[in-house]
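Spelled out, the chains give:
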Amino acid sequence: MMERGLRMLSSQRAFQVLLVLNVLMVFFLMWSTRGVVLSDTWSYVGLAEGILHGEYSMWWPLEADYPDTFRTPGFPLMIAVVMFIFGTWKAMVWVNFALYWVALYLTLRTIERYDARPLTRNLFLLLLLPMINVPYYVNQVYTEIPTLVAISLFLFVVMRPGKWTVGGSAALGLLLGFLFQCKPVFLIFPPLFAAAAYFLDRRNFDVRGQLVMLFTFVVTLLPYGLWNLRNHGVFKVTQLEGGGGYMHFSYWCGKMPGYTDHISLGNFTGDEIIRFTPEDSVPKHIAAFEEEWAGIKARIDPLLTAKDSLMVASRADMPYIPHMTFNSEFTLLREKILQRQGLEHMWNDPWYTLAYKSYSAVRLWVIGIQRGDFQRASMAGKVQMLYATGITGLVFLMSLFLTPLAYKRGRLSWAGTWPLVFAMVYVGFFHLPFTIQARYTTCVRFAMLALLAMAIVGLIQGRATTDRVDAKRP
């Protein structure tokens with residue numbers, strides 16, 4: 001029975017059916033979420049409009065200059081190009097749609113390079129089909145789909161046998177520059193990847209190619225760093241704020257379930273199924289958080305200017321609700337304080353931090369259920385929540401156990417496939433200091449499913465003979 005099922009899944013007909021079903025799933029999700037616009041959209045769109053009006057600012061309609069402090073310019077620039085060509089930011093949805101299929105194609109090609117068995121390719125499509133959290137972002141003007149295709153293209157190129165050309169290496173550096181400008185968490189991805197390539201695959205390490213890639217990547221950092229120097233008085237290749245603030249807030253999230261922050265970024269804390277503080281301690285933690293912020297504000301508010309007051313007063317008249325862009329001195333000091341206090345909290349509260357961040361490490365891959373949302377939801381809504389958690393949790397557990405097992409038993413070749421593992425580990429690890437968001441791992445979900453498909457087929461049918469190591473052996 002199993003053999004018959006595997007033969008059916010290995011057929012060309014199965015590939016065609018699974019591909020059509022994946023297309024239908026994407027269209028269904030686009031239709032069912034057609035009226036949903038997630039909050040970060042407006043800051044990206046505001047910056048894109050600012051670029052088209054000659055300013056990198058969400059506050060471009062105001063007479064005074066408010067150079068942005070919150071986002072790197074890669075994705076806003078991409079939206080600005082789309083708006084210039086098509087006349088509306090909503091066209092970005094169809095750009096995402098095209099990019100999604102490019103990422104899928106690149107991943108299928110990457111799989112075939114290391115395991116040409118049709119079963120592996122088809123199993124990847126079967127695993128992808130129920131993963132609604134990936135195509136969900138096709139309909140959102142977020143960085144998830146552009147970074148998904150960027151990671152997929154990067155892996156497709158670096159996992160190709162042979163030396164890199166100078167032009168190809170430079171192109172990889174530019175690609176990584178774009179990836180970073182969309183998601184600053186990828187700042188040290190290139191040097192760490194080069195180091196991993198040296199230690200894990202020294203026989204195939206391309207010194208010239210890696211150096212050209214790294215040099216080009218560094219060059220891509222300079223324009224934004226110089227822009228920050230000119231507009232904010234500090235050479236900084238990342239945005240002035242965000243990292244420290246989210247790190248500080250992430251510490252408090254597990255202590256204040258269901259709390260909405262009205263002091264700083266306006267974020268809310270999830271009320272997770274698993275809690276990390278007794279319910280009767282939540283008011284005490286909220287009071288401590290707000291008291292801490294009162295002390296921070298006492299230090300930084302004297303730095304506010306009349307221009308800042310004008311910005312705050314103008315917020316209600318904006319076509320969208322932009323992120324506050326305060327003056328440079330205020331922003332830099334606030335970020336410094338938040339980062340320091342966030343790290344101090346984690347250091348001084350190690351057992352809570354270890355427990356909460358261990359939970360976060362799982363939640364980055366598994367969609368969570370919020371208590372209040374679940375209680376208020378209809379029966380259909382409850383089923384949808386349970387489905388999303390169940391399917392992402394199942395795939396995570398399968399990856400956690402089956403992929404290492406396939407490596408251990410020699411059914412999956414480490415040489416050549418390690419970049420897939422590196423990308424997943426990097427994304428998971430470097431998002432741990434920040435707030436829990438399962439969407440952060442969207443960009444490596446294709447890599448995760450590709451590796452899982454290769455592992456499962458390897459465990460069932462044995463190691464493929466078409467991977468890079470076997471191909472090089474006589």
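Our subject is the structure listed above.
Calculation rules
Residues numbered from 1 in each chain as written. Predicted model: local features only at pLDDT ≥ 70, side-chain atom pairs only at ≥ 80, totals over all residues. Heavy atoms only, no water. Phe/Tyr/Trp six-rings, centres within 6.5 Å; stacked < 30°, edge-to-face > 60°. Helix = DSSP H or I, 4+ residues; strand = E, 2+ residues; numbered from the N terminus. Buried < 20%, exposed > 50% of the residue type's maximum accessible area, 1.4 Å probe, protein only. Lys NZ or Arg CZ within 6 Å of the ring centre and 35° of its normal. Contact = heavy atoms within 4.5 Å. Axes fitted to C-alpha atoms, helices over the stretch in contact; angles between N-to-C directions. Parallel < 35°, antiparallel > 145°, perpendicular 65-115°, else oblique. Nonpolar A, V, L, I, M, F, W, Y, C, P; charged D, E, K, R; others polar. 1 Å grid on protein atoms, 1.4 Å probe; cavity = no way out; pocket = protein on both sides within 12 Å on 5 of 7 lines; lining within 4 Å. Points joined across faces, edges and corners; volume = space filled by probe spheres on them. Core = buried A, V, L, I, M, F, W, Y, C linked by side-chain atoms within 4.5 Å.

Explanation requested: the packing of aromatic side chains in the structure shown.
Going through the model one piece at a time under the given rule, you end up with 40 aromatic pairs. On the numbers, 6.4 Å between centres and 70° between planes, the contact of Y44 with Y142 is edge-to-face. Residue Y44 is found in helix α3 (residues 40-52), and its partner Y142 is found in the loop between α6 (118-128) and α7 (144-158); the two are separated by 98 residues along the sequence. In this pair, the class of Y44 matches that of Y142, namely buried. Taken together, the aromatic side chains of F154, F186, F189, F193, W418, F422, Y426, F429 and F430 make up a single cluster linked through ring pairs. Just above the ring of F156 sits the side chain of R113; from NZ or CZ to the centre is 4.4 Å. Residue placement shows K255 over the ring face of Y352; its charged tip is 4.2 Å from the ring centre.

Please explain the environment of R299 as it appears in this structure.
With respect to the element layout, R299 can be found in helix α12 (residues 282-300). Judged by its relative accessible area of 46%, R299 is partly exposed. Taking the C-alpha atoms as reference, R299 lies 51 Å from D206; in sequence the two are 93 residues apart. Not counting residues within four places of it along the chain, the set of residues in contact with R299 comprises L333, I337 and R340.

I'm lost on the packing of helix α14 (residues 328-348) against helix α15 (residues 350-363) in this one. Help?
Axis angle and axis distance: for two packed helices, these are the angle between their axes and the distance between the axes, and together they describe the pair. Running from N to C, α14 and α15 cross one another at 100°; their axes reach a closest spacing of 5 Å. Taken together, the axis directions place α14 and α15 in an arrangement best described as roughly perpendicular. Contacts from H345, M346, W347 and N348 in α14 reach P350, T353 and K357 in α15. Of the residues that constitute the contact of α14 with α15, the class distribution is three nonpolar, three polar and one charged.

Is there a simple way to explain the layout of surface pockets in this structure?
In this approach a probe as big as a water molecule rolls over the atoms, and the regions it shows empty are the leftover space. Approximately 410 Å³ is the volume found for the second largest pocket. Forming the boundary of the second largest pocket are 18 residues, of which W365, F396, L400, M424 and V425 lie nearest the centre. The set of elements that each furnish at least two residues to the lining of the second largest pocket consists of α17 (379-408), α18 (414-430) and α19 (445-461). The leading source of residues in the lining of the second largest pocket is α17, at six residues. The class makeup of the residues in the lining of the second largest pocket is 15 nonpolar, three polar and no charged.

Would you mind showing me how to read the nonpolar core here?
Grouped burial of nonpolar side chains is what soluble globular proteins tend to show. Counting residues in each nonpolar core, the largest one holds 102 residues, and the members touching the most others are I79, Y100, F124, F154, F186 and F446. Each residue touching F446, except ones within four places of it in the same chain, is listed here: Y100, A103, L104, T107, F124, L128, V134, L148 and S152. Formed by 36 residues, the second largest nonpolar core is a distinct cluster that contains M58, W252, M256 and V282.

Quick question: what am I supposed to make of empty space enclosed by the protein here?
This model, assessed by the stated rule, comprises four cavities of 30 Å³ or more. As a volume, the largest cavity reaches approximately 110 Å³. Surrounding the largest cavity, 14 residues form its lining, G245, S264, L265, W293 and L338 being those nearest its centre. Listed by contribution, the elements that provide at least two residues to the lining of the largest cavity are α11 (243-253), α12 and α14. Of the residues that constitute the lining of the largest cavity, the class distribution is five nonpolar, five polar and four charged.

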